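Commentary on secondary and tertiary structure
Below are the chains, spelled out letter by letter.
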Amino acid sequence: MTDSALARPAATRTATTGRKRDRMRGWALVPSVGFLLVVFLVPVSQLLWLSVVNAGGEFDFVHYERLFSSTLYVDVLSNTLKIALWTTIACLVAGYPVAYLLASVPPSSRSGLLIWVMVPFWTSFLVRSFAWMLLLGRDGVINQWLAALGVVEQPLKLMYNFVGVMVGMSHAMLPIAVLTMLSVMQSINPNLPKAASTLGAGTSHAFWRVYFPLSLPGVAAAGLLVFITSVGFFITPTLLGSPREMMIAQLIIIQIEEMLNWGFAGAISVMLLAAAFVIFYLFDRVLGMSALTGGATHGKTAAKKGLLGRLGAQAGRYFIACVSWAGWGIARAFAMIRKPRYDRHREQRMTARWVLGIAVIVFLALPSFFVVPLSFSENRFFGWPPRGFSLEWYEAYFNSPIWREATLRSVLVGLCTAALAVLLGTPAALFLSRQEFFAKTALMGFILSPIVLPNIIVAVALFYAYSHVGLIGTNIGLVLGHTVFTLPYVIITVMAVLKNYDHRLDQAAWTLGASRAATFRYITLPLIKTGLITAFLFAFVRSFDELTIALFISGGVATTLPRQMWSEALLNITPTLAAVSTLMLVFVAIVILLAEFIGRRSRRR
Amino acid sequence: MKSKLSIKNVWKSYGSVTALKETSLEVPEGEFLTLLGPSGSGKTTLLMALAGLILPDGGEIWIDGALATYAPSHERDIGMVFQNYALFPHLTIYENIAFPLRMRRMREAEIDRKVRNILEIVRLPHVAQRFPSELSGGQQQRIALARCTVYQPSIVLMDEPLGALDKKLRDQMQIEIKTLHNELKTTILYVTHDQEEAMSMSDRICLMNDGRIQQLGTPNDLYFTPNSIFTALFLGGANMLPVARKGRENGFDVYEGPGGGPIHVSPAERTPQPAAGDLSIMVRPEHIRLLANDEPAENSAQVRIRDSVMVGPVTRYFAELADGTDVTFTQLTVSPTRSASPGEVVRIGWAAARSVVLEGRSNGHD
């Protein structure tokens, strides 16, 4: 095609052929969009549809009537929202100093610190919850240390209550909050705080009036992501909470596992979605981005705002003014106590930033490692402290056909998922990063929706859909389900790599006589290879860790490693879980080092 | 006039690289001083040290009579225009300009008066409620100027402020900055690598090379009496003729030129007198003219024209002496026909006062 096009005189190549060719390249989107339509949109719509029809297929709001007939469901919903909200606040408050520290240190120190955020980020929620059970339990690490120090006489109740759930949830969501905020902070022009400084703003004013407002889009994105993930979360509340901390996702699981009530599960899902949307709407109205930044989201003259918005904006301005003058006052007070001298060389210190940041990083990275000594102990139960040394728990793991089979299946499903997601996602990412077209934003929204929609809803929807086509308990079913979640991540990762890719390289190759295929093979692919491998590893780990989908779809036959850990944890929690967790930690460390190694090697080029 | 800014032996190094060697500089009040130099010459390092955005390894910086070497930026009473303006994207133009005034805790009425006044001066009173991203590059540039002059700082520092603009807008902004400087009588320290910009705007130019000051003086000083081959070449086109000193004759210093012929030079105070080593004579292309057949000149030579290029107001001739030394000269373009055509042998001449003796050797450039 290229040859004939070149052979023709340029004048005869009309705009139509050009447009036709663009449309043809639009086929790159078909695999991923088609996949999401069939395996994501149709099942989810089906589930939501089931909530408004009765067994006879007629419109009926019977499920909703039941939902509101007792206070049980509304209570669980408000409980869910409360936990999700507090988790979001905790993650933003604790995550901000870490992201700020990471964004302000030189790149060499950054990669070292970042690893300690990445380790928990890649570590399974289950492993991390087990670690917290070990730390927070009645005879857990914390209580034993507090008793040894003589701080408490009676062990504190740190688990199976709100405190336990909050600690576990914050720990689970913190890495994603840090990474989201970091990406925005890194894009802030470093000259802006410097400019504020030359204009007379001290550290406090430069931070609160310039840096902080500019970092707010990251805070909002992190908040949204954490809130959405928390709202559909069930692992931590089940393991670290009591029935009083029951969340909506647990309720949905009960409806499906015990009663197979699809319509009612759909109705709960709708209630959950509706509540989440209302909260976002109110948040955006009152405390939204525009409020704190004093009128502009993207530096455009603000449109007319409602009363709520104006109030929010006013409050935001007062807040910024108050904190920045307060900080200024504190600095002045310090200066009066110890007069600063400007005749000596004094490096700018970032003590507060380091102390806060490192404290949170320790909170993030440390807990998981407590499972390691336990896995080598002779303890008969999952508790602290570890006694003696034995490898029996590793033997138990390696000798058990159930564990072996589950591990093998997880690896297989993970590899297939990663391969499928990369194969489907790469063409779409290539197309999306190069083409500007009508409704691109809407399409991106659709592609990202599987990670924005609470996982549990997708899992239930897939369970229902699969039950009609016989995919329950099959590896293919698991691979398809996991690909729904990993595909958006793959597309984002590859697009991020392509953002730094100079398209003139392709054009140069074309003018040098390379066909499109040859250009991709010899120019594009080698340059984006690192990104593809990262995306592959990421997809693999996400699938390897995935529990929600596996919980429903494995159907008790085709059990995966996280599924096996989950049932074991609910049934009888033994040190075997510590052994499995340790193996998973080692595995994650290897994957991170591998990704880091590949990244370094490509950067050297 | 008293010194607004005084720099004493300031230096800065990064590991084994010395970005700025010990440098001293005095800037009187109201002066427009340009730090000119190629990239890596230390000009930006010096500016950043003055702004307090990097801390020097040694030396002293005095601003307005106060020691400020290690003072934080916000306590230095300086204004700075950044390369890409660094306007705060989340604040309106009004709030951007009001920012330094709020930091100085002025009353709201005072702030309003000053902001409106400076917006009038930069001729953009209508953009107060817009955001920076809604302004053109030239407008953003003017707002950046307004923001750093509205509080009348002791010194305004400008880091290649016109680098992001196209040629036409740059020329226009040069005049605006000059006008603003005259109106507000501020002391300005301006960093650029563009010698034309430096010459058209500055009271004095501080030419930097390799981490130190190469030459400090008015644009005329640097252009007509450079103290080094580097200065001569950086400021404009220059022919470099390798010479050897011969003696004195009729009140001129006489040097032996490339073909063996004599070159006369008006004696200058600064003429280098090296015991050994190479010397060159620098002649600017526009100081050479074509001579009629037996027209007398203080210096003259026969050259063969290789090529000529008409670049609008002037025509540039590329020629060579009998021994092959390149000579470039320009003549005003007065008619479509060239005064000399390729292959032709012509006589050229220049005044003894326009021959500058410099140490070292170099191929000229234009």
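Residues numbered from 1 in each chain as written. Chains lettered and ligands numbered in written order. Predicted model: local features only at pLDDT ≥ 70, side-chain atom pairs only at ≥ 80, totals over all residues. Heavy atoms only, no water.

**Observations concerning the overall build of chain B**
- Secondary structure assignment for chain B yields 8 helices and 20 strands.
- Overall, chain B is about 75 × 50 × 40 Å in size when its C-alpha atoms are taken along their principal axes.
- When the 366 residues of chain B are sorted by exposure, 53% land in the buried category.
- With an accessible surface of roughly 16,100 Å², chain B has 49% of that area assigned to carbon and sulfur atoms.
- Positive and negative side-chain charges in chain B, numbering 38 and 43 respectively, have mean positions lying 4 Å apart. (Helix = DSSP H or I, 4+ residues; strand = E, 2+ residues; numbered from the N terminus. Buried < 20%, exposed > 50% of the residue type's maximum accessible area, 1.4 Å probe, protein only. Areas by Shrake-Rupley, 256 points an atom, 1.4 Å probe, with all protein chains shown as cover. Lys, Arg positive; Asp, Glu negative; His and termini not counted. Charge placed at Lys NZ, Arg CZ, Asp CG, Glu CD.)

**Structural notes on helix 7 (residues 125–136) of chain A**
Residue and element names in this part refer to chain A.
- Helix length check: helix 7 (12 residues) gives 16 Å between terminal C-alpha atoms against 16 Å at 1.5 Å per residue, within 8%.
- Among the 12 residues in helix 7, 11 count as buried, and that is most of the element.
- Residues of helix 7 that are buried: Leu126, Val127, Arg128, Ser129, Phe130, Ala131, Trp132, Met133, Leu134, Leu135 and Leu136. (Expected span 1.5 Å × (residues − 1).)

**Here we look at the pairing of strand 14 (residues 279–283) of chain B**
Residue and element names in this part refer to chain B.
- Among the 5 residues that make up strand 14, 5 are buried, leaving the element largely enclosed by the rest of the structure.
- Here strand 14 shows two buried faces, one formed by Leu279, Ile281 and Val283 and the other by Ser280 and Met282.
- When strand 11 (residues 239–249) meets strand 14, the two strands line up antiparallel, connected through 5 bridges. Residue Met240 lies in a different strand from strand 14, and its bridge partner there is Met282. (Pairing = 2+ DSSP bridges.)

**Structural notes on the confidence of the model for chain B**
- The share of residues in chain B with pLDDT of 70 or more is 96%, and the mean pLDDT across the chain is 89.
- The spread of mean pLDDT over the elements of chain B runs between strand 11 of chain B, the lowest at 86, and strand 9 (residues 204–209) of chain B, the highest at 96. (pLDDT = per-residue confidence, 0-100.)

**A look at the packing of helix 7 of chain A against helix 9 (residues 162–186) of chain A**
Residues and elements named next belong to chain A.
- Running from N to C, helix 7 and helix 9 point in directions that differ by 145 degrees, and their axes come no closer than 10 Å. Our pair here, helix 7 against helix 9, has a crossing hand that is right-handed. Residues Phe125, Arg128, Trp132 and Leu136 of helix 7 pack against Gly164, Val167, Gly168, His171, Ala172 and Pro175 of helix 9.
- Class assignment for the residues of the contact of helix 7 with helix 9 results in 6 nonpolar, 3 polar and 1 charged. (Axes fitted to C-alpha atoms, helices over the stretch in contact; angles between N-to-C directions. Left-handed = near helix turned anticlockwise from the far one by under 90°. Contact = heavy atoms within 4.5 Å. Nonpolar A, V, L, I, M, F, W, Y, C, P; charged D, E, K, R; others polar.)

**Some details on the sheet that holds strand 17 (residues 314–320) of chain B**
Residues and elements named next belong to chain B.
- If you trace the 5 strands from one edge of the open sheet to the other, you get 15-19-16-17-18, paired in antiparallel fashion. What marks the edges here is a single partner per strand, and that holds for strand 15 (289–290) and strand 18 (326–332).
- Across 2 bridges, the pairing between strand 15 and strand 19 (residues 345–350) is antiparallel. Residue pairing in the sheet places Leu290 in a bridge with Ile348 of strand 19.

**Side note on the packing of aromatic side chains**
- The final tally for this structure, using the stated rule, is 40 aromatic pairs over all chains.
- On the basis of an interplanar angle of 55 degrees and a centroid distance of 5.0 Å, the ring pair of Tyr100 of chain A and Phe207 of chain A is categorised as tilted. Here the residue Tyr100 of chain A occupies a position in helix 5 (residues 71–104), and Phe207 of chain A occupies one in helix 11 (residues 203–231), the gap between them amounting to 107 residues.
- In this structure Tyr100 of chain A comes out as buried when scored by relative accessible area, which is 15%.
- Taking 4.9 Å as the distance between ring centres and 40 degrees as the angle between the ring planes, the aromatic pair formed by Phe544 of chain A and Phe587 of chain A counts as tilted. A residue pair is termed long-range when its members are at least 10 positions apart, and Phe544 of chain A in helix 25 (residues 516–545) and Phe587 of chain A in helix 28 (residues 575–604) qualify at 43 residues.
- Taking the relative accessible area as the measure of exposure, Phe587 of chain A reaches 26% and is therefore partly exposed.
- Sitting over the ring of Tyr522 of chain A, Arg521 of chain A keeps its end group 4.9 Å from the ring centre.
- The aromatic ring of Tyr223 of chain B is capped on one face by Arg284 of chain B, whose charged end is 4.1 Å from the ring centroid. (Phe/Tyr/Trp six-rings, centres within 6.5 Å; stacked < 30°, edge-to-face > 60°. Lys NZ or Arg CZ within 6 Å of the ring centre and 35° of its normal.)

**Overview of the pairing of strand 17 of chain B**
All names here are of chain B.
- Side chains of strand 17 alternate between two faces, with Thr315, Tyr317 and Ala319 buried and Val314, Arg316, Phe318 and Glu320 left unburied.
- From the end of strand 16 (residues 299–311) to the start of strand 17, which pair antiparallel, there are 2 residues, and Gly312 there has a positive phi angle of about 85 degrees.
- Judged from the 7 bridges that link them, strand 17 and strand 18 form a sheet pairing that is antiparallel. By the bridge assignment for strand 18, Val314 is matched with Leu332.

**A short note on the side chain of Thr34 of chain B**
Residues and elements named next belong to chain B.
- Relative to the assigned elements, Thr34 resides in strand 3 (residues 32–36).
- Take Thr34: its relative accessible area is 0%, and that puts it in the buried class.
- In terms of polar contacts, Thr34 uses its side chain to reach the side chain of Ser202, at 2.4 Å.
- Excluding its chain neighbours within four sequence positions, the residues that come into contact with Thr34 are Tyr190, Thr192, Ala198, Ser202, Arg204, Ile205 and Cys206. (Polar contact = N/O pair within 3.5 Å; in protein donor to acceptor, adjacent residues only side chain to side chain.)

**A short note on the sheet that holds strand 12 (residues 252–256) of chain B**
All names here are of chain B.
- Strand order in the open sheet formed by 5 strands is 13-12-11-14-20, with antiparallel pairing between adjacent strands. Two strands in the sheet have a free side with no partner beyond their single neighbour: strand 13 (262–265) and strand 20 (356–359). Across the sheet, the mean angle from the axis of one strand to that of its neighbour is 50 degrees, orientation sign disregarded.

**A short note on the environment of Ile213 of chain B**
Residues and elements named next belong to chain B.
- With respect to the helices and strands, Ile213 occurs in strand 10 (residues 212–217).
- The class for Ile213 is partly exposed, based on a relative accessible area of 22%.
- Note: C-alpha distance between Ile213 and Ser41 (172 residues apart in sequence) is 8.9 Å.

**Some thoughts on the environment of Gly168 of chain A**
Residues and elements named next belong to chain A.
- With respect to the secondary-structure elements, Gly168 resides in helix 9.
- Its relative accessible area of 4% is what places Gly168 among the buried residues.
- Between the C-alpha atom of Gly168 and that of Leu420, which follows or precedes it by 252 residues, the distance is 32 Å.
- If near-sequence neighbours (up to four positions away) are discounted, Gly168 is found in contact with Trp132, Thr236 and Leu240.

**Description of helix 13 (residues 248–259) of chain A**
Residues and elements named next belong to chain A.
- For helix 13, spanning 12 residues, the distance from its first C-alpha to its last is 16 Å, which sits close to the expected 16 Å at 1.5 Å a residue.
- If you check which residues of helix 13 are buried, you get Ile248, Ala249, Gln250, Leu251, Ile252, Ile253, Gln255 and Ile256.
- Immediately downstream of helix 13, the backbone of Leu260 shows phi near 50 degrees, a positive value.

**Some points on the pattern of salt bridges**
- Under the criterion given, the structure shown has 23 salt bridges over all chains.
- Close ionic contact of Arg504 of chain A with Asp502 of chain A constitutes a salt bridge, the shortest N to O distance being 3.1 Å.
- For Arg504 of chain A, a relative accessible area of 58% puts it in the exposed group.
- Asp502 of chain A gets classed as partly exposed once you look at its relative accessible area, which sits at 31%.
- Linking Arg102 of chain B and Glu95 of chain B is a salt bridge whose minimum nitrogen-to-oxygen distance equals 2.9 Å.
- Of the residues examined, Arg102 of chain B reaches a relative accessible area of 18% and is grouped as buried.
- One continuous salt-bridge network, built from bridges that share partners, spans Lys4, Glu29 and Asp64 of chain B. (Salt bridge = Lys/Arg side-chain N within 4 Å of Asp/Glu carboxyl O.)

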